[in-house]
Amino acid sequence: MDKYQIIVVGGGHAGVEAASAAARMGAQTCLVTHSIEKIGEMSCNPAIGGIGKSHLAKEVDALGGLMARAADEAGIHYRVLNSTKGQAVRATRVQTDRDLYRKAIQKFLNDQPNLTIVEASVEDIVIKNRKICSIVIDQGQQLYGEKLILTTGTFLGGIMHTGLKQKPGGRVGDPPSIRLAKKLRELPLSVGRLKTGTPPRLLKNSIDWSQLSPQPGDLPTPLLSYISSNTTRPPQIECFMTRTNKTTHQIIRDSLTESPMYTGIIEGVGPRYCPSIEDKVIRFSERDSHQIFAEPEGITSELIYPNGISTSLPHAAQEEMVRSIKGFEEAEIVRPGYAIEYDYFNPTGLYHSLETRCIEGLYFAGQINGTTGYEEAAAQGLIAGINATLSLEKKEPLTLGRHEAYMGVLIDDLVSLGTKEPYRMFTSRAEYRLIMREDNADMRLTKKGKQLGLVGDRLWQAYEEKRETAQQELLRLSRQKIIPETKEAELLEKETGEKINSPKSLKEILKRPKVSYTDLPGQLHGIHRSAIDEIEASIKYAGYIERQRVDIERLQKNENTIIPDTVIYENVVGLSNEVKQKLTEARPQSLARASRLPGVTPAAVSLLMVYLKKERKRKAG
């Protein structure tokens, strides 16, 4: 009999992180995917990171996950976004070689003990007494597991649209999960439809590159993972930029009668922050052009990903549109763009552990929860894998607070608020982003990862060395002083334009906006860039960080006020019917989570607090 402790369905970004995490923690894990060759496939844009997203990727890395390491093994173009701004909003983006990324992920999984990979299509889920029992795969074979993690991406009831033509599919070349979608719709979960899309792929040699603006990568080239090295990285190449124009926009407007989005064929809601070119032209009608980044899909690949023109227009209209763009006049479309519509389940039906409220042992992660993006999926997969394993061991789930990680913000937003459109992470969603930077994800999470059995020796050693280096260097900066009119003072004044009129410690000098760590005398050479960011941020933002810590302590009081599942909100005197309904539907697990629900006012939270105190006294009495 094929029996496992944890079964993970889906070999995308959520699935591989879930399976890897569970196996690293010692659980006998089975990853079921319809195609072993496509495990780790980048279904859309061949890039990892970006604003808010790199924070998630680095948090996954800090807990021993795979995404950042694979990105560095495949990275061909790196840029740090918001590099002139503060560390809190800086974000690394890595353009990768699609084939190398997939191969890196597959190697990590193949080398992972406790993990079995099965190539099959999941036809059914067997549930007994509201508890997971097994799954049914091809030809009726059953795989038994105590916990099941579904990471189905865009495959549940997937329909692909190009113009007015439709066909079933989870992505190009892959069939959808129809029977599994039907089974899930029978469960007491709130189901909806969402949409995402992808641009046409262009033939590299058909583009006039002389007409495009080069976009070189950053030098020195950064790394995404805390434990990657430059020696494992492939050669770096340039990306290029062009723009749409008035002619492009007119072609799009003229083709809207054949657009599935604008004829009502697609009912699902698309991503607000990564809209199709049709959406951009209509919603931003005052703009004459939009950026397009021509991104190679790999070092040896003949395909170019034109980032910025995701579309579901008919093939002929796509050709006309593409050839109206500067540099693309002779471009050949190798594969047309398309939109895909799929099932998702409102994540308010989950606990913060990502276990469904209605079925014990069933976890959801990734686009099935209404998110969009590789990084959001990977973060959820990791948390689901951790918590499914902890549940096996009868331990409390890992629930990261909004002040601890972007993963905590992501999951709290989903579970507390739900979503009606594809959810994307931004730094603006995090209230405590000054202390949750991409440079210090390891300082925030790696110790937790070590305690959970997720973190290997290499990452732990890197964490210890960085922590010790940062502590010692902060101590030196506090003690070492610069005396006016000395050579050191004159050199600093020349480099920074900052006058030194009295003896100052290096720490005091580093607080100045125009001064960076690399300007200071005695700086450590070969120090990891994230350690420098940690040092600079802790000094420059000290006052703001302290204020946030006070806010966090206040938040924790409410976070620690647990709301029992048995609370009947109809009995809370003074709450409006609307608030009672929202609390009953959301079933928040703490007072802090109740306060984040839309429409739940501070006055309502006070009434609920009073009610909970009275109930505790009544039961104690």
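Bear in mind that the values here come from a model prediction, so they are computed numbers and not experimental data.

Asks: With reference to specific residues and values, describe the domain arrangement of the protein.
Replies: Often, the extent of an interface is quoted as the loss of accessible area upon association of its parts. Each domain of the protein was delimited in the assignment, giving domain 1 (1-473), domain 2 (474-545) and domain 3 (561-620). Using only C-alpha atoms to locate each centre, domain 1 and domain 3 end up separated by 35 Å. With 9 residues of domain 1 at the contact, the number on the domain 3 side is 8 residues. Both sides of the domain 1 and domain 3 interface together cover about 740 Å² of buried area, and 45% of this is carbon and sulfur. The tally of links from domain 1 across to domain 3 stands at 2 salt bridges. The shortest N-O distance in the salt bridge between arginine 593 and aspartate 412 comes to 4.0 Å. In this assembly, domain 1 and domain 3 are joined by 5 residue pairs in polar contact (both at pLDDT 80 or more). Class assignment for the residues of the side of domain 1 that touches domain 3 results in 2 nonpolar, 3 polar and 4 charged.

Asks: How would you explain a negative patch on the surface if you had to name every residue and give the values?
Replies: Together, Asp208, Glu329, Glu330 and Glu332 give the surface a local cluster of negative charge. With respect to the element layout, glutamate 332 can be found in the loop between helix 8 (315-322) and strand 18 (333-335).

Asks: For the nonpolar core, give the residues involved together with the corresponding values.
Replies: Counting 110 residues, the largest nonpolar core has Val32, Leu184 and Met407 as the members making the most contacts within it. Ranked by residues supplied to this core, first place goes to helix 9 (residues 374-392) with 11 residues. Taken together, domain 1 (1-473) and domain 2 (474-545) each give at least three residues to this core, which thus spans both. Setting aside its immediate chain neighbours within four residues, leucine 184 contacts Ile125, Leu150, Leu156, Phe345, Phe364 and Ile368.

Asks: Please set out the pattern of salt bridges residue by residue, giving values where relevant.
Replies: One pass over the structure, following the stated rule, counts 35 salt bridges. With a shortest N-O distance of 3.2 Å, arginine 179 and glutamate 123 are connected by a salt bridge. A residue pair is termed long-range when its members are at least 10 positions apart, and arginine 179 in helix 5 (residues 178-185) and glutamate 123 in the loop between strand 6 (115-119) and strand 7 (124-128) qualify at 56 residues. Of the residues examined, arginine 179 reaches a relative accessible area of 58% and is grouped as exposed. Linking arginine 618 and glutamate 615 is a salt bridge whose minimum nitrogen-to-oxygen distance equals 2.9 Å. Remark: glutamate 615 and arginine 618 occur in helix 19 (residues 602-620); sequence separation between them is 3 residues, near one turn of the helix. Relative accessible area serves as the criterion here: at 53%, arginine 618 is assigned to the exposed category. Glutamate 615 gets classed as partly exposed once you look at its relative accessible area, which sits at 21%. Through salt bridges that share partners, Arg402, Asp412, Asp413, Glu431, Arg593 and Arg596 make up one connected network.

Asks: Requested: an account of helix 15 (residues 529-540), with residues and values cited.
Replies: Between its first and last C-alpha atoms helix 15 spans 16 Å; for 12 residues at 1.5 Å apiece the expected length is 16 Å, and the two agree. Counting buried residues in helix 15 gives 9 out of 12 residues, a clear majority hidden from the surface. Along helix 15, the residues that are buried comprise Ser530, Ala531, Ile532, Asp533, Glu534, Ile535, Glu536, Ala537 and Ile539.

Cut-offs and rules
- Residues numbered from 1 in each chain as written.
- Predicted model: local features only at pLDDT ≥ 70, side-chain atom pairs only at ≥ 80, totals over all residues.
- Heavy atoms only, no water.
- Domains from an automatic or database assignment.
- Contact = heavy atoms within 4.5 Å.
- Buried area = accessible area lost by both parts, 1.4 Å probe.
- Salt bridge = Lys/Arg side-chain N within 4 Å of Asp/Glu carboxyl O.
- Polar contact = N/O pair within 3.5 Å; in protein donor to acceptor, adjacent residues only side chain to side chain.
- Nonpolar A, V, L, I, M, F, W, Y, C, P; charged D, E, K, R; others polar.
- Patch = residues over 30% accessible without salt bridge, like charges linked within 9 Å, V, L, I, M, F, W, Y side chains within 5 Å.
- Areas by Shrake-Rupley, 256 points an atom, 1.4 Å probe, with all protein chains shown as cover.
- Lys, Arg positive; Asp, Glu negative; His and termini not counted.
- Charge placed at Lys NZ, Arg CZ, Asp CG, Glu CD.
- Helix = DSSP H or I, 4+ residues; strand = E, 2+ residues; numbered from the N terminus.
- Core = buried A, V, L, I, M, F, W, Y, C linked by side-chain atoms within 4.5 Å.
- Buried < 20%, exposed > 50% of the residue type's maximum accessible area, 1.4 Å probe, protein only.
- Expected span 1.5 Å × (residues − 1).

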